[in-house]
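Residue-level structural notes
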Amino acid sequence: MSQSTIGIAKRSQLPTKLMTISGIIFIIMAILPLFLGSFQVSLLSKLLLFGALAVSLDLVWGFTGILSFAHGVFFTLGGYAMAYYLKLNLAAEGNTYGVDLPDFMVWNGLTELPWFIAPLKYFPLAAIAMVAVPAIFAYLIGWFIFRSKVSGVYITIITLAISSALTTFFISQQAYTGGTNGITDVSRLSIFGIDIPLNGLYWMILLFTTFVLVGSYWLTQSNFGLILRSIKENENRISYLGYDVASFKIFIWTLSAGIAGITGGLFVPLNRFISPVYLAVAFGTQVVIWVAIGGRGTLIGPVIAAILLGQIQNYAERVTQDWQLVVGILLLIVVLFIPDGLVGSVSKFFDKAKKQ
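Keep in mind the model is a prediction, meaning the values are calculated, not measured. (Residues numbered from 1 in each chain as written. Predicted model: local features only at pLDDT ≥ 70, side-chain atom pairs only at ≥ 80, totals over all residues. Heavy atoms only, no water.)

Observations concerning the packing of helix H8 (residues 198–220) against helix H11 (residues 245–271)
Put simply, H8 and H11 touch, their axes get as near as 10 Å, and they point 170° apart. Taken together, the axis directions place H8 and H11 in an arrangement best described as roughly antiparallel. Residues Leu 198, Leu 201, Met 204, Ile 205, Phe 208, Val 212 and Leu 219 of H8 form the contact with H11, whose participating residues are Ile 252, Leu 255, Ile 259, Ile 262, Thr 263, Leu 266, Pro 269 and Leu 270. (Axes fitted to C-alpha atoms, helices over the stretch in contact; angles between N-to-C directions. Helix = DSSP H or I, 4+ residues; strand = E, 2+ residues; numbered from the N terminus. Parallel < 35°, antiparallel > 145°, perpendicular 65-115°, else oblique. Contact = heavy atoms within 4.5 Å.)

A look at the side chain of Lys 249
Of note, Lys 249 is situated in helix H11. Note on Lys 249: relative accessible area 5%, which makes it buried. Setting aside residues up to four positions removed in sequence, Lys 249 forms contacts with Thr 64, Ile 66, Phe 146, Ile 231 and Glu 235. (Buried < 20%, exposed > 50% of the residue type's maximum accessible area, 1.4 Å probe, protein only.)

Some points on the nonpolar core
Of all hydrophobic cores here, the largest spans 102 residues; its most connected members are Leu 189, Ile 274 and Trp 290. Sort the elements by how many residues they give to this core and helix H2 (residues 38–61) lands first, with 15 residues. (Core = buried A, V, L, I, M, F, W, Y, C linked by side-chain atoms within 4.5 Å.)

What to know about H8
The end-to-end C-alpha separation of H8 is 33 Å, in line with the 33 Å expected for 23 residues at 1.5 Å each. Along H8, the residues that are buried comprise Gly 200, Leu 201, Tyr 202, Ile 205, Leu 206, Phe 208, Thr 209, Val 212, Leu 213, Ser 216, Leu 219 and Thr 220. (Expected span 1.5 Å × (residues − 1).)

A closer look at the pattern of salt bridges
This structure, assessed with the given rule, holds three salt bridges. Between Lys 249 and Glu 235 there is a salt bridge, and its shortest N-O distance comes to 2.7 Å. Of this pair, Lys 249 sits in helix H11 while Glu 235 sits in helix H10 (residues 235–240); the two residues are 14 residues apart in sequence, bridging distant segments of the chain. The class for Glu 235 is partly exposed, based on a relative accessible area of 30%. (Salt bridge = Lys/Arg side-chain N within 4 Å of Asp/Glu carboxyl O.)

Side note on the side chain of Thr 64
Inspection of the secondary structure puts Thr 64 in the loop between H2 and helix H3 (71–88). Looking at Thr 64, its side chain comes within polar contact range of the main-chain oxygen of Leu 59, at 2.9 Å. Ignoring anything within four residues of it in the chain, the contact list for Thr 64 reads Leu 59, Leu 228, Ile 231, Lys 232, Lys 249 and Ile 252. (Polar contact = N/O pair within 3.5 Å; in protein donor to acceptor, adjacent residues only side chain to side chain.)

Description of the confidence of the model for the protein chain
For the protein chain, the average pLDDT comes to 85, and 88% of its residues sit at 70 or higher. Contacts from residues 6–12, a stretch scored under 50 in pLDDT, to residues over four places away or in other chains number 20 contacts. (pLDDT = per-residue confidence, 0-100.)

Points about the environment of Val 41
With respect to the element layout, Val 41 can be found in helix H2. Using a relative accessible area of 2% as the deciding quantity, one classes Val 41 as buried. For the pair Val 41 and Leu 201, spaced 160 residues apart in sequence, the C-alpha separation works out to 9.7 Å. Excluding its chain neighbours within four sequence positions, the residues that come into contact with Val 41 are Pro 33, Leu 36, Leu 198, Asn 199 and Tyr 202.

Some thoughts on unusual backbone geometry
In the Ramachandran plot, Asp 185 falls in the positive-phi region, its phi being about 55° despite a non-glycine side chain. Locating Asp 185 in the fold gives a position in the loop between strand E1 (183–184) and strand E2 (190–191). What makes Asp 185 exposed here is its relative accessible area of 56%. At Leu 299, a position not held by glycine, the phi torsion is positive, near 70°. Within the secondary structure, Leu 299 is located in the loop between helix H12 (281–294) and helix H13 (300–319).

Describing the packing of aromatic side chains
Taken as a whole and assessed by the stated rule, the structure comprises 24 aromatic pairs. Each ring, one from Trp 143 and one from Phe 144, has its centre 5.3 Å from the other, and the planes form 85°; the classification is edge-to-face. By relative accessible area, Phe 144 is classed as exposed at 56%. Connected via pairs of aromatic rings, a cluster forms that spans Phe 50, Phe 75, Phe 267, Phe 273, Tyr 278, Phe 283 and Trp 290. (Phe/Tyr/Trp six-rings, centres within 6.5 Å; stacked < 30°, edge-to-face > 60°.)

In structure tokens form, the structure reads like this:
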């Protein structure tokens, strides 16, 4: 068997029952916008995106054993790439200042568009940047971390430091990033002159989340996924067998960042803004909580947790500003009583029932 990360993923077969159930759920989710109001469609779209973001973390934490608080960073980098495209494509007459420069650049004294932002006026380049910027950034970080054989809690500390450092950097570069406020009041998504309505954006997000789930399932059930799980269980043994552990880690880390970047890119036209708040440790911790509560290594668990906790947050915010306390209590319950997460515990229960 080849030790290369390319070509090692042997195709796995999706169980018929799983495909049937998944197909029914997909159809139900697809027709929901026809019966829901715009607020609920927007909220569900956001929660589906957060579910896809949680799956990207599950690939590196649940299957490979790399706990990262930096997935908010990858999410935000992809979001800024799309935000620049949407902001730059506001009509000049729609801009308060009557110029092609975004308002926050005018406020900060810029007179011309920076060379590294100017190409993002074009959708194909913005779409590529949405994936490539976080993926390349992750690759560079991953190369230094994993080639240096850094592991365990030290990786977690590095991701926390990266999150904190980039938050400070983006806030300080107000002329280019909008500072604390970020990039706001962007235009609606238009692809090659075709405006995408809210329902269309929802269906795009649903297809993307489905693709991420199916692709992640296929990858983790392949020989490649088996090696990832083996690295998580005993990295030294896999290394002794002749596998280049660092290459596998770098690959899954980079792939995960690319997925996170797309979720950020789709988040911007949905919520019409992006800001450094998503770079911060608090948001990265939230993604970790979704995976922990849903169940590491389950894929569908983080999606369910992101949707459930998002709904809980939505209702809790109406009652109290301390909604984080509610989420914290749920996390404490999961850690103490169901450490495998909601879906992981249910799966173990049914496995035990079958053996009896």
